[in-house]
Structure formats: structure tokens, C-alpha cells
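Chain and residue survey
Chain by chain, the residues run as shown.
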Amino acid sequence: MAVTSNSDANHSEDFRERLLKIDGNLGDREVEQLKFLCQDLIFHKKLEKSSSALELFNYFSVEELLSEEDPFFLAELLYIMKQNSLLKHLNYTKKEVERLLPTRKKVSLFRNLLYELSENIDSETLQSMIFLLRESMPKIQLTSISFLVCMEKQALIDENNLTVLENLCKKAAPHLIRKIEKYRREKAAQVVTSPIEKGTESLPQGEEEVFSRSNVQQFLEALPEAAVYRMDRKFRGHCVIINNHTFTSTSLKVREGTNKDAECLNSVFKWLGFRVTTYVDVTKEYLEKVLQEYKSRQDHDDGDSFVFCVLTHGRFGAVYSSDGFLIPIRFIMSHFTAQQCPGLANKPKLFFIQACQGEEIQPSISIDADAINPESTNPPLQDSVPVEADFLLGLATVPGYVSFRHTTEGSWYIQSLYNHLKDLVPRHEDILSILTAVNDDVSRRGGTKKQMPQPVFTLRKKVVFPVPQKNLLL
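Residues numbered from 1 in each chain as written. Predicted model: local features only at pLDDT ≥ 70, side-chain atom pairs only at ≥ 80, totals over all residues. Heavy atoms only, no water.

Some points on the overall build of the protein chain
Let me state the cut-off plainly: For helices the rule is a DSSP run of H or I covering at least 4 residues; for strands it is a run of E covering at least 2, with both sets numbered from the N terminus onward. The buried label goes to any residue with under 20% of its type's maximum accessible area, the exposed label to any with over 50%, and the partly exposed label to all in between, with areas taken from a 1.4 Å probe on protein chains only. We call two residues in contact when some of their heavy atoms are within 4.5 Å. Here the accessible surface of atoms and residues is derived via Shrake-Rupley with a 1.4 Å probe, and residues count as covered only by protein chains that are part of the display.
Each helix and strand counted, the protein chain has 18 helices and 12 strands in total. For the protein chain, the proportion of its 474 residues judged to be buried stands at 48%. Residue pairs at least 24 apart in sequence account for 74% of intrachain contacts in the protein chain once pairs closer than 6 positions are excluded. With an accessible surface of roughly 24100 Å², the protein chain has 49% of that area assigned to carbon and sulfur atoms.

See the structure below:
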């Protein structure tokens with residue numbers, strides 16, 4: 001058993017007393033600033049619940065961001081907030097923090113930029129900006145910080161996309177443009193330095209570098225930044241599979257072969273690292289419960305992405321519940337916008353629909369069509385996707401046509417998706433390239449009966465899943 005000496009206990013008590021003194025000097029405005037600066041490092045739900053600096057300090061401690069032995073993270077935050085007089089409680093000076101920042105900082109350039117902008121947006125400028133974005137902003141009182149938070153939640157800005165913010169500044173606060181330009185320069189210059197220095201220091205004495213340090217840095221800065229969604233959080237994300245096999249409505253036939261599709265989706269998305277949950281014969285009421293559950297899951301913060309698959313009957317722009325209700329695809333997807341589900345903001349949200357989107361075709365032996373009561377006129381397919389970034393809708397067929405499902409081997413579309421994910425993810429192909437291969441494969445099947453899948457998307461980057469370490473068990 002470890003024994004704690006009186007000296008250690010006294011030091012710990014002294015550290016807590018110093019944190020208490022810092023808390024006593026921070027009001028509501030400073031707490032809001034702290035929460036904003038920590039957004040990339042602490043779960044959003046925890047930040048929302050915090051009402052004091054002490055609560056935040058506890059979270060810092062739990063996340064191993066703050067300890068008596070290493071209080072630098074809090075010193076960095078206080079320095080950014082220009083609370084330099086409080087650094088003495090952490091045994092730091094302003095100059096010492098400035099010296100250590102290049103190697104020890106945790107707050108990103110992007111978060112620093114937004115904070116600096118918030119400090120330079122006065123009330124009049126803020127009202128002008130809110131007016132310009134009135135359709136996207138909630139009808140509540142906003143501070144400059146909460147305004148920028150709303151912009152992030154609405155996916156209007158991120159570290160690689162400042163166009164909307166820049167346009168706002170041009171119209172309402174031209175003097176802030178130079179800060180955005182400075183951020184871009186610093187972000188470009190941040191690409192290397194430390195890895196290069198480490199590599200060149202290890203060169204044997206007497207050997208020359210093939211490229212000088214400055215040449216390498218110039219080369220890397222000239223490369224376009226890889227526009228790929230992050231895939232390095234605690235887990236890949238949730239995958240929900242709605243598998244409707246049997247229907248209570250007499251007009252909706254049993255969907256033989258759909259269980260084969262569900263098994264394949266379950267297998268391949270587990271292989272990709274998702275936490276997969278399958279729901280069978282889902283009524284309208286139960287579907288709404290599932291949507292509410294996944295919309296409000298707190299662990300989305302820890303995930304990289306989200307997948308939602310629907311295997312059922314359908315007609316254009318909608319799918320059938322097991323009790324015969326027609327559910328618009330847009331209604332399903334709308335639960336996962338950045339506003340409705342902040343944990344999925346700026347993350348790819350992928351929806352795959354195996355259902356007909358048009359006129360039923362008389363099936364031949366062993367082939368069914370997932371189509372019911374077609375509409376004669378159809379709105380644009382894009383209307384099914386929320387007007388927001390980071391969505392992908394993969395439909396088994398183009399509008400107006402059926403999709404085919406073999407009664408024992410599963411549907412053409414899902415089986416092709418399954419096979420191409422297995423084959424192409426290990427080759428580092430992105431999801432749109434994979435779906436293009438699926439389109440080609442499915443379009444070649446069927447002889448006289450043809451099917452053409454179609455993806456619709458508002459993705460801003462490539463979705464590239466990391467190559468799984470284990471072989472897929474079939």
C-alpha cells in the first residue's frame with residue numbers, strides 16, 4: 001500500500017488553495033472564456049455543465065491536463081486570457097510561459113484565432129454579424145464567444161474553412177481580416193519545424209543533408225493540405241442498421257434476403273471499428289425512439305463519424321416502417337445536423353438506403369422489387385439531404401426506379417457495398433471512390449433488368465477509413 005507523507009499532503013493542499021485563489025479572481029466572463037478555449041480538449045457535455053472555474057479545474061485534472069507537478073496547461077489558458085497576474089499562483093511568469101509555449105502549447109491556432117477575434121468584436125459589430133447570419137443564429141442573447149460557438153455548431157467555420165467568417169469581417173469588421181491572414185500564415189508554417197529539426201540532428205557527423213532545412217519546409221508548405229476527415233478519436237463511431245423484414249400492412253411484402261444484407265453490414269462496419277446495433281421490423285414509433293436516442297448520445301464526442309443504414313420498402317424520398325408508415329429520408333437525417341446533434345458537428349454522417357425509389361417492376365424468379373405505389377412526379381433528389389455540410393446519402397437506385405434484392409443472396413446494392421468496402425478500404429480509397437465502384441458494379445448486373453445507385457452528398461473532405469488491423473472474418 002502506498003503511503004502519503006504529511007509533506008505530500010501539505011503540498012497537495014497548498015496547490016488546491018492556489019487554485020481556489022485563481023478561481024476567486026475569475027468571474028462569469030472568464031469562465032466562458034476558459035470553456036471556449038478548452039472546447040477541443042474537454043467533452044462538450046462536461047463544459048456545458050460547468051458553471052465555475054473550479055469545476056473546470058476538476059475536469060482538467062481528470063483528463064490529466066492539470067496537476068501539481070505540471071500546471072502549465074492552466075498557465076497557458078491564463079496567459080491567452082491576459083490574466084498574467086494570476087500566473088504567480090502556478091509559479092510561472094509571463095516570460096516563462098512565452099518561452100515554453102512553442103513546445104508545450106495545447107490550445108490550437110484555430111481556437112486562439114477565434115478567441116482573439118471574440119476579444120475584438122464589440123457589441124455593435126456583434127449585432128451586425130448576427131444580423132447578417134440571422135437565418136442560422138438562434139433567437140437568444142449572444143456574446144461574441146457564443147456567436148462563434150454557434151457558427152462552429154452550424155458547420156459554418158472550422159480550422160480549414162474560414163470563408164464565411166472572413167466575409168462577415170469584410171462587411172462588419174475589416175480590421176479583423178489581418179488576424180485571419182496571420183492565422184493562415186502561421187498554420188502553413190506549423191507544418192514541420194520540430195520533426196525536421198529532430199531528423200537533421202540525428203544525421204551522422206560529416207554527412208550532408210540532401211535538402212536543406214529551409215528547402216524541406218518550403219516544399220511542405222507548398223503542398224495542399226490533405227482534406228481528409230479525422231479518424232483518430234477514441235472510436236470510429238456508431239452504426240445503426242434498420243432491417244425491416246416483415247410488415248403488418250398487407251400491401252407490403254416480406255423482404256426475403258434482407259437478413260443477409262443486415263449480416264454483411266454488421267460484419268463490415270464492425271471490421272471498420274464501428275459499434276454496430278441492428279433493429280429488426282421497426283415501427284414508426286420505435287424508429288422515432290431510436291432517432292432520439294442516437295441524436296442525444298453523449299459519446300458522439302468520442303467518435304469519428306456516424307453511419308445509419310435502412311433496409312426496407314420505399315418510394316421516392318421516403319422509406320416504410322414495419323407498420324406501413326412512410327418516413328421521409330430527410331426526416332431521418334435531420335436528427336443529426338450540427339444543431340440537433342452537436343457531437344457530430346464537422347464529422348461525416350453516412351446514410352445508406354436499400355429501398356426502391358420509384359415504379360415497381362414485375363419480378364422474375366428469386367428477385368423482388370422494393371417499390372410500393374410510385375409517385376408520378378418527383379422533387380429533386382438533393383431535397384432529401386439536409387442543407388448542411390458533412391452528409392452523404394447513398395441510395396440503392398436513382399429516382400423513379402426499383403432496386404433489386406435476391407431472396408437468398410441479398411440486394412445487389414448492399415452486397416456490392418459490402419464487397420467493395422472490404423476490397424478498397426485496405427487500398428486507402430475514400431468513400432466516394434468506393435461508391436463509384438459500387439455504381440459501376442451494380443449497373444452491370446441484371447441483363448434486361450438494370451439498376452443504377454446514386455450518392456448525394458455535402459461532404460467537404462474525403463472520408464478515408466483507417467485500414468483494419470485484422471482480416472475480415474466471413
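A few points about empty space enclosed by the protein
Formally: Put plainly, a pocket is an open set of points on a 1 Å grid over the protein atoms alone with protein on both sides within 12 Å along at least five of seven lines, a cavity is a set where a 1.4 Å probe fits but cannot get out, and a lining residue has an atom within 4 Å of a point. Grid points are joined across faces, edges and corners, and a volume is the space filled by probe spheres set on the points. Note on residue classes: Ala, Val, Leu, Ile, Met, Phe, Trp, Tyr, Cys and Pro are nonpolar, Asp, Glu, Lys and Arg are charged, and everything else, Gly too, is polar.
Under the defined criterion, the tally for this structure stands at two cavities of 30 Å³ or more. Put simply, the largest cavity is a space of about 60 Å³. In terms of lining, the largest cavity is formed by Ile242, Asn244, Val282, Leu287, Val310, Thr312, Val319, Tyr320, Ser321, Ile327 and Ile332. Here the lining of the largest cavity is built from residues that sort into eight nonpolar, three polar and no charged.

Details of the pattern of salt bridges
Which entries qualify depends on this criterion: One side-chain nitrogen of Lys or Arg within 4 Å of one carboxyl oxygen of Asp or Glu is enough to make a salt bridge.
The full count for this structure, using the stated rule, is 16 salt bridges. Where Arg104 meets Asp70, a salt bridge forms, and the shortest distance between an N and an O atom there is 2.7 Å. Taken as a pair, Arg104 in helix α6 (residues 94-104) and Asp70 in the loop between α4 (53-62) and α5 (72-80) lie far apart in primary sequence, 34 residues in all. Linked by salt bridges that have partners in common, Arg275, Glu293, Arg297 and Asp299 make up one network.

Here we look at the packing of helix α9 (residues 144-153) against helix α10 (residues 163-172)
For clarity, the cut-off: Note on definitions: angles span 0 to 180 degrees between N-to-C directions of axes, and those axes are lines fitted to C-alpha atoms, for helices only across the stretch in contact. We call two directions roughly parallel when the angle between them is under 35 degrees, roughly antiparallel when it is over 145, roughly perpendicular when it lies between 65 and 115, and oblique otherwise.
Running from N to C, α9 and α10 point in directions that differ by 140°, and their axes come no closer than 11 Å. Compared by their axis directions, α9 and α10 come out oblique. On α10, the residues touching Phe147, Leu148 and Met151 of α9 are Val164, Leu165 and Leu168. Among the residues making up the contact of α9 with α10, the classes are represented as six nonpolar, no polar and no charged.

Points about the sheet that holds strand β5 (residues 318-320)
Each strand in a sheet pairs with another by means of backbone hydrogen bonds, the pair being arranged parallel or else antiparallel. Short version of the rule: Here, any two strands with at least 2 DSSP bridges between them count as paired.
Spatially, the three strands line up as an open sheet ordered β4-β5-β6, and their pairing is antiparallel. The two strands at the open ends of the sheet, each matched to only one other strand, are β4 (314-315) and β6 (326-328). Relative to β5, β4 runs antiparallel, the two sharing two bridges. The residue of β5 that forms the bridge with Gly314 is Val319.

A closer look at unusual backbone geometry
A positive phi angle, close to 65°, is found at Asn91, a residue other than glycine. Summarising the element assignment, Asn91 is placed in the loop between α5 and α6. Although it is not a glycine, Asp390 adopts a positive phi angle of roughly 80°. By the element assignment, Asp390 lies in the loop between β8 (367-369) and β9 (391-395).

Observations regarding the side chain of Lys461
In this structure, Lys461 sits in the segment after β12 (454-457). Excluding residues within four positions of it along the chain, Lys461 makes contact with Asn160, Ala227, Val228 and Tyr229.

Some words on the packing of aromatic side chains
Defined as follows: A pair of Phe, Tyr and Trp rings is counted when the ring centres sit within 6.5 Å of each other, with Trp represented by its six-membered ring. The angle between the planes then sorts it: under 30 degrees is stacked, over 60 is edge-to-face, the rest tilted. Charge over a ring is defined by NZ of Lys or CZ of Arg lying within 6 Å of the ring centre and within 35 degrees of the ring normal.
This model, assessed by the stated rule, comprises 16 aromatic pairs. With 6.2 Å between their ring centres and 45° between their planes, Phe57 and Phe60 make a pair best called tilted. Here Phe60 and Phe57 lie together in helix α4, a separation of three residues that amounts to about one turn. Across this residue pair, the class does not change: Phe57 and Phe60 are buried. Taken together through their ring pairs, the aromatic side chains of Tyr294, Phe306, Phe308, Phe336, Phe351 and Phe391 make up a single cluster. In this structure, Arg111 is placed above the aromatic ring of Phe36, and the distance from its NZ or CZ to the ring centre is 5.0 Å. Over the ring of Phe235 we find Arg275, and its NZ or CZ is 3.7 Å from the ring centre.

Notes on the nonpolar core
Across soluble globular proteins, nonpolar side chains show a tendency to be buried alongside one another. What counts here: Joining through side-chain atoms within 4.5 Å is the link that ties buried Ala, Val, Leu, Ile, Met, Phe, Trp, Tyr and Cys residues into a set, and such a set is a nonpolar core.
In this structure, Phe60, Phe147, Met151 and Leu165 are the most contacted members of the largest nonpolar core, which totals 63 residues. Considering each element in turn, this core owes the most residues, seven residues, to α5. Those residues within four positions of Met151 in sequence are excluded, and the remaining contacts are Leu133, Met137, Leu156, Ile157, Val164, Leu165 and Leu168. Grouped together as the second largest cluster of nonpolar side chains are 36 residues, Met231, Phe269, Val276 and Ala396 included.

Some remarks on the environment of Leu291
Note that Leu291 resides in helix α15 (residues 284-295). Through-space distance from the C-alpha of Leu291 to that of His335 is 6.7 Å; in sequence the pair is 44 residues apart. Dropping the residues within four chain positions of it, Leu291 is found in contact with Phe308, Phe331, Ile332, His335 and Phe336.

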